Amino acid sequence: MTVRRNVLITGASSGLGQAMARKHAARGSDLALCARRTDRLATLKEELVAAHPGVRVEVHTLDVNDHDQVFKVFQSCRQTLGTLDRVIVNAGVSHGSPVGTGGFPANVRILQTNLVAALAQCEAAVEIFREQGSGHLVVISSMSAMRGLPHLTAYGASKAGLATLAEGIRAGLLDAPIKVTTLFPGYIESEMTTTGDEPTPMMVSTEKGVTAMMKAIEAERAQAKVPAWPWVPMGFLMRHAPLRVVARS
């Protein structure tokens, strides 16, 4: 297994990004943590350095929708750490509206952040990997990418687009020493998935979900539905069930 020493994570101030930072720090990786909420990043840095004194943690203010800033911050992280061995494209937003119900501004924001801004991050990362001659790109898609869902139309489309983008990047790098992993998380407890008092069916804890994500990341799998149970069989059903059945889910 290739050791990826220097890891950059976007959207690291909360949720899955924060949890992946903790897991990587526990494995001894040096980190470049990026997000808009630098107060949270500073708190996370203090926690990680205290828990893992040998780990280096750099924090950077980053709005992924500022595409010029994405390229500048990624290059700065590379210069500071020496290399970027793994980049996790994690920053994203949710909570759109069914099309035609007045939610166009929110739906546009979802597509801009989850797809266009993700493209900027992938471009910046792979440019560095090509120069280095190595690297591991990880993109966080979603099980919502499997089929169109009425309540997650823009979100699912953005994550499906991201998965296709990653596959295209992977196809272009088959003969290069650069790996590309696409993760399709199911319902994992985080700030993004906590939307009300009613429990979400098949929701797993952050710990269980991120442990499954990290296993796939460390194995550098091309694609992984996580956690595998129940999302591998659910993915098959989502792909092949009649649309009327999927729309009720």
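Residues numbered from 1 in each chain as written. Predicted model: local features only at pLDDT ≥ 70, side-chain atom pairs only at ≥ 80, totals over all residues. Heavy atoms only, no water.

**Observations regarding the overall build of the protein**
Applied cut-off: For helices the rule is a DSSP run of H or I covering at least 4 residues; for strands it is a run of E covering at least 2, with both sets numbered from the N terminus onward. Using C-alpha atoms as the atom set, the radius of gyration is obtained and then compared with a globule rule of 2.2 Å times the number of residues to the power 0.38. For every residue, the accessible area (1.4 Å probe, protein chains only) is compared with the maximum for its type, and the residue is labelled buried under 20%, exposed over 50%, or partly exposed between those bounds. By definition, residues are in contact when any of their heavy atoms lie within 4.5 Å. Computed with a 1.4 Å probe, the accessible areas rest on the Shrake-Rupley method; for each residue, only the protein chains presented here act as cover. Residues scored as positive are Lys and Arg, those scored as negative are Asp and Glu, and His as well as the terminal groups of each chain are ignored. Every charge is mapped onto a representative atom, which is NZ of Lys, CZ of Arg, CG of Asp or CD of Glu.
Helix and strand counts for the protein stand at eight helices and seven strands. Its C-alpha atoms give the protein a radius of gyration of 17 Å, near enough to 18 Å, the size a compact globule of 249 residues would have. Counting only C-alpha atoms and orienting by the principal axes, one finds that the protein spans roughly 50 × 40 × 35 Å. Taken over 249 residues, the protein has a buried fraction of 48%. The contacts of the protein with a sequence gap of at least 6 include a subset with a gap of at least 24, amounting to 70%. For the protein, the exposed surface amounts to about 11900 Å²; the carbon and sulfur share of it is 55%. Distance between charge centres in the protein, computed from 26 positive and 21 negative side chains, equals 7 Å.

**Quick notes on the pattern of salt bridges**
Counted only if it meets this: The working definition used for a salt bridge is a side-chain nitrogen of Lys or Arg within 4 Å of a carboxyl oxygen of Asp or Glu.
Within the structure shown, the criterion is met by nine salt bridges. Across the pair Lys23 and Glu207 runs a salt bridge whose closest N-O atoms are separated by 2.7 Å. With Lys23 in helix H1 (residues 15–26) and Glu207 in helix H6 (residues 206–219), this residue pair connects regions lying 184 residues apart in the sequence. As a salt-bridge pair, Arg56 and Glu58 come within 2.9 Å of each other at their nearest N and O atoms. Because the salt bridges share partners, they merge into one network encompassing Arg4, Arg27, Arg86, Glu218 and Glu220.

**Thoughts on the nonpolar core**
Note on soluble globular proteins: their nonpolar side chains tend to be buried together. Heads up, the rule is: Only buried Ala, Val, Leu, Ile, Met, Phe, Trp, Tyr and Cys residues count toward a nonpolar core, and they belong to the same one when joined by side-chain atoms within 4.5 Å.
Counting 31 residues, the largest nonpolar core has Leu8, Phe74, Leu84, Val87 and Leu137 as its most contacted members. Elements supplying a minimum of two residues to this core: strand S2 (30–35), helix H3 (67–81), strand S4 (86–89), helix H4 (104–132), strand S5 (135–140), helix H5 (153–172) and strand S6 (178–185). Counting residues per element, this core draws most heavily on H4, which supplies nine residues. Residues within four places of Leu137 in sequence aside, it is in contact with Val87, Val89, Cys122, Ala125, Val126, Phe129, Ile169, Lys179, Val180 and Thr181. Judged by nonpolar contacts, the second largest core, of 29 residues, contains Ile9, Ala21, Leu48 and Ile217.

**Observations regarding H1**
Applied cut-off: An expected span of 1.5 Å times one less than the residue number is assigned to each helix.
Its twelve residues place the ends of H1 17 Å apart at the C-alpha level, agreeing with the 16 Å of an ideal helix rising 1.5 Å per residue. Turning to H1, its buried residues number three or more, namely Leu16, Gly17, Gln18, Ala19, Met20, Ala21, Lys23, His24 and Ala25. Along its buried surface, H1 packs onto strand S1 (6–10), S2, helix H2 (38–51), S4, S5 and H6. Downstream of H1 by a residue or two, Gly28 has a phi angle that is positive, lying close to 90°.

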